[in-house]
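Summary of the model geometry
So you can see what is in the structure, the chains are spelled out below.
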Amino acid sequence: MSLEKKPDQAEEDPFLESAKQNNGKVRKEKPHKDIRCGFWIFKGSLLQRMATEKSFVLIYGIGGCLLSMSLAYFNAIVTTLEKRYKIPTQTSGLIIVGNDVSMMITSVLAGYYIHKGHRARWIALGFFTIFIFCVLTCSLHFAYGAGEDALKLTREFGDFESVAEYTANAHKEHKLCMSEESGCQQSDGTWVPPIVLFVGQFIAGIGISLFWIVGVAYMDDNTEKANTPALLSISAFLRMLGPALGYSLASVCLRWYIEPHLEPLIKPGDPRWLGAWWTGWVVLAVVTFIISFFMFMFPKELPSSNARRLQLEEAGIQNPKQHKELSMTDMMRSIKRLMVNKVFMYNSFASTFYFFGYLAYWIYTPKYIETQYRTSASMASMATGTIALAFSAAGVLLSGYVVSKYKPSGKAMAAWNGFVDFMTVAGVLCYVVIGCKGSDNLSSMATVSGSCGVSCHCEYVHYAPICSPDNVTYISACHAGCTGTAKDQFERTLYTGCECIDPKNTTTGVELQYAVDGACPVDCTNQFLIFLVVMCILKLVGASSKSTNLLIALRCIQPEDKSFALGLSGLISSLFAFVPSPVFFGWLLDKYCLVWGKTCSNKGNCWLYDTESLRYAFNLTAAFFIFLGGLLNIGVYRNASDLHIFDEEPNETDQADSKVDSFNLETKAKETEATRDVEKS
């Protein structure tokens, strides 16, 4: 028996066709399909129960979690990608801004025009672009493989039985001092990998734009105003889990060698280690595709929002959240209104300067930890993600609870945002003094060994550090002037005849012109733990301003400008922060590089940095931009006196709220009846 209603039964369903008399005419309301969950054959009664505010926030939050998880995973493996494809850090910065370039192009258009379409499906399309981003990125491994450098460091390559047998071929591999200049190394694909990575990031930016601009507007339009802070905090909390999970996934994947089925001859702590960076993308691609499918099922308008809208119209009240058809002239008027809105402009540029400074840590923290405290890529990802970002999630939840419970004024929220900025500056200044002497000394020896081994023609020698008896690390045996190899009583390979090493031990007078493979051990544990504590405090405090900043952005503008204002704010942030910041700080990192992995076509990736100079330049520059953001938040504070955040504050919709109150019980009844009817259909 068919469960479909006949045409004469349509009047019984308030969501199929609501009619009312208006000058003798019958006006039809929104079609039933706009509030029906599902598509094609996926329209069962179980799916109709998903068309609720809570279900949307859950799926939207999980999707946001996967989106931020993908971006965090990319940031965590960027050092590995640089080593594998010989990419300078400044080029990595250009790759990363690919998503911001596309966001800049699509954010304003998405915010202005997509409100007229099926916004839930546009959000689903955004998730699907993240799926494409994951597939494109991991495709590089299947196209180019692990690379010759990585394969040479496995037992299966050449059937070496041990590291000793591998290093015995040092002359053949141009590791030792050479009498004539060696040939340069060809790199895989030259510019193809960076271009593919950039295209993937560009596509991901479209998804980010749709998720953020369209998603927040859809959530705000389909929820009660009083519930918005709590729902924003819940979705933000789920998004904050994304980076933690992304860095944790990277930590696990980078512990495996780039070809998991091969046995490596080096440990993860070795700077030449390449982890299985590509495996995480496979997992992310599958899960993201599933979430995009679920998001595609949500209706154009949630039934609860539809019921509230009908009640407002029956009461003769215009819905303040209703969108109007907008022309280009309307768009220019919106721009003019926003340009003279002091709170909007101050808040947008305060966020922009904050993002410019703090984005350096979002992208380069794993690399910073690796270079400053000599940790493995896996450990750096774990510290950045699981530990530090757990505090970010706690900050978001705590702020959401405080804002929902105590309902602070707009001025109080602006004051808190400024306080957070200045606290962040103080924490970043602490980073300047948290250095590791052993790491700084290791960097200082690069210049010494580089100048000593000039006659050995080491320009294209791979980075393969060795350790002398006096605990000094050299870039390679060639840079130390070593001419031969031998074995000690422990069957370790020794590099001998190293002219750059002090020939005598002053206490024993024994000849010590030899070195062992690998960098000398450096213990930066204490400094790393102090850095981690400061970083966690900054994550907790910084995350607490996310919901307050967004609420100010949403409430300082007129309802009809909401989507467009979010898009314009995104354009400003992309143009002045998200695009230039990664490139600028990538250039800053490269500026303090001491050892390059030169190839025939470019200077390659950086293997060793001047850690002390880099620590001062990197942190002081970031602190300067964050400080400017704090100053602009003072401007937000001074102009936020009339900003109304919650329904109980006086505003133009007070009369509407009082009229709607009388319909609350009736609305609940109709929502229940509508849900049952939709399930039956």
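None of these values were measured; they are calculated from a predicted model. (Residues numbered from 1 in each chain as written. Predicted model: local features only at pLDDT ≥ 70, side-chain atom pairs only at ≥ 80, totals over all residues. Heavy atoms only, no water.)

Summed over the entire model, instances satisfying the criterion amount to 40 aromatic pairs. Judged by centre distance (5.0 Å) and plane angle (65°), the rings of Tyr257 and Trp273 are edge-to-face. Of this pair, Tyr257 sits in the loop between helix H9 (228-253) and helix H10 (279-296) while Trp273 sits in the loop between H9 and H10, and the two are 16 residues apart along the sequence. We note that Tyr257, like Trp273, is buried. Directly above the aromatic system of Phe296 lies the positively charged group of Arg121, at a separation of 4.6 Å from the ring centroid. (Phe/Tyr/Trp six-rings, centres within 6.5 Å; stacked < 30°, edge-to-face > 60°. Helix = DSSP H or I, 4+ residues; strand = E, 2+ residues; numbered from the N terminus. Buried < 20%, exposed > 50% of the residue type's maximum accessible area, 1.4 Å probe, protein only. Lys NZ or Arg CZ within 6 Å of the ring centre and 35° of its normal.)

Before going further, it helps to examine the pattern of salt bridges. Pairs can form between side chains of opposite charge whenever their charged atoms are close. What the rule picks out here adds up to 6 salt bridges. Across the pair Glu82 and Lys367 runs a salt bridge whose closest N-O atoms are separated by 2.7 Å. Of the two residues, Glu82 sits in helix H2 (residues 53-85) while Lys367 sits in helix H13 (residues 342-373), which places them 285 residues apart along the sequence. Grouping residues by exposure puts Glu82 and Lys367 together as buried. For Asp270, the salt bridge goes to Arg272, with nearest N and O atoms at 2.9 Å. Residue Arg272 is classed as buried on the basis of its relative accessible area, which comes to 11%. Three or more residues joined by partner-sharing salt bridges are found here, namely Asp270, Arg272 and Asp517. (Salt bridge = Lys/Arg side-chain N within 4 Å of Asp/Glu carboxyl O.)

What follows deals with the packing of helix H15 (residues 410-433) against helix H21 (residues 611-639). The angle between the axes and the distance between the axes are what describe a pair of packed helices. Closest axis-to-axis distance for the H15/H21 pair is 8 Å, and the angle between their directions is 165°. Classified by the angle their axes make, H15 and H21 are roughly antiparallel. As H15 runs across H21, the sense of the crossing is left-handed. Across the contact of H15 with H21, the residue classes tally to 17 nonpolar, 7 polar and 3 charged. (Axes fitted to C-alpha atoms, helices over the stretch in contact; angles between N-to-C directions. Parallel < 35°, antiparallel > 145°, perpendicular 65-115°, else oblique. Left-handed = near helix turned anticlockwise from the far one by under 90°. Nonpolar A, V, L, I, M, F, W, Y, C, P; charged D, E, K, R; others polar.)

With that out of the way, let us pick up the nonpolar core. With 133 residues, the main nonpolar core has Trp277, Trp281, Met295, Tyr373 and Phe618 as its most contacted residues. For this core, the element with the highest residue contribution is H2, accounting for 15 residues. Both domains that furnish three or more residues to this core are identified here as domain 1 (50-159 + 193-301) and domain 2 (333-436 + 523-653). In terms of nonpolar packing, the next biggest core, distinct from the first, is built from 12 residues, Ile466, Val472, Ala477 and Ile501 among them. (Core = buried A, V, L, I, M, F, W, Y, C linked by side-chain atoms within 4.5 Å. Domains from an automatic or database assignment.)

With phi around 55°, Lys86 is a residue other than glycine that occupies positive phi space. By secondary structure assignment, the location of Lys86 is in the loop between H2 and helix H3 (89-96). With a relative accessible area of 11%, Lys86 lands in the buried category.

Turning to the sheet that holds strand S3 (residues 466-467), a few remarks are in order. With antiparallel pairing, 5 strands are arranged side by side in an open sheet as S4-S3-S7-S6-S5. Both edges of this open sheet fall to strand S4 (473-474) and strand S5 (484-487), since each of them pairs with a single strand only. The pairing of S5 with strand S6 (residues 493-496) spans 4 bridges and is antiparallel. Bridge pairing in S6 places Lys487 opposite Thr493. (Pairing = 2+ DSSP bridges.)

Turning to the packing of H15 against helix H18 (residues 546-555), a few remarks are in order. Where H15 contacts H18, the two axes come as close as 9 Å, and the packing angle between them is 135°. On the basis of the axis angle, H15 is oblique to H18. The interaxial crossing formed by H15 with H18 has left-handed handedness. Together, Gly410, Met413, Ala414, Trp416 and Asn417 of H15 and Thr548, Asn549, Leu551 and Ile552 of H18 make up the contact between the two elements. (Contact = heavy atoms within 4.5 Å.)

The next point concerns the state of the cysteines. By the definition in use, this model includes 6 disulfides. A disulfide bridge connects Cys436 with Cys524, and the sulfur atoms are separated by 2.0 Å. Given an S-S torsion of about -75°, the disulfide between Cys436 and Cys524 has left-handed geometry. Of this pair, Cys436 sits in the loop between H15 and helix H16 (437-452) while Cys524 sits in the loop between strand S7 (514-517) and helix H17 (525-543), and the two are 88 residues apart along the sequence. Like Cys436, the residue Cys524 is buried in the burial classification. Paired by a disulfide, Cys458 and Cys478 hold their sulfur atoms 2.0 Å apart. With the S-S bond torsion at -90°, the cross-link from Cys458 to Cys478 turns out left-handed. Here Cys478 lies in the loop between S4 and S5 and Cys458 lies in the loop between H16 and S3, a separation of 20 residues in the sequence. No difference in accessibility class separates Cys458 from Cys478, as the two residues are buried. (Disulfide = S-S within 2.5 Å.)

So, about the environment of Trp596. Within the element layout of this structure, Trp596 appears in strand S8 (residues 593-596). The spacing of Trp596 and Glu459 is 137 residues in sequence and 9.2 Å in space, taken between C-alpha atoms. Excluding residues that lie within four positions of it along the chain, Trp596 makes contacts with Pro88, Asp590, Lys603, Gly604, Asn605, Cys606 and Trp607.

Let us now look at the side chain of Lys539. Structurally, the position occupied by Lys539 is in helix H17. Despite its burial, Lys539 pairs with no opposite charge, the nearest such side chain being Asp421 at 14 Å. The contact partners of Lys539, leaving out residues within four places of it in the chain, are Tyr358, Ala388, Leu389, Phe391 and Ser392. (Lys, Arg positive; Asp, Glu negative; His and termini not counted.)

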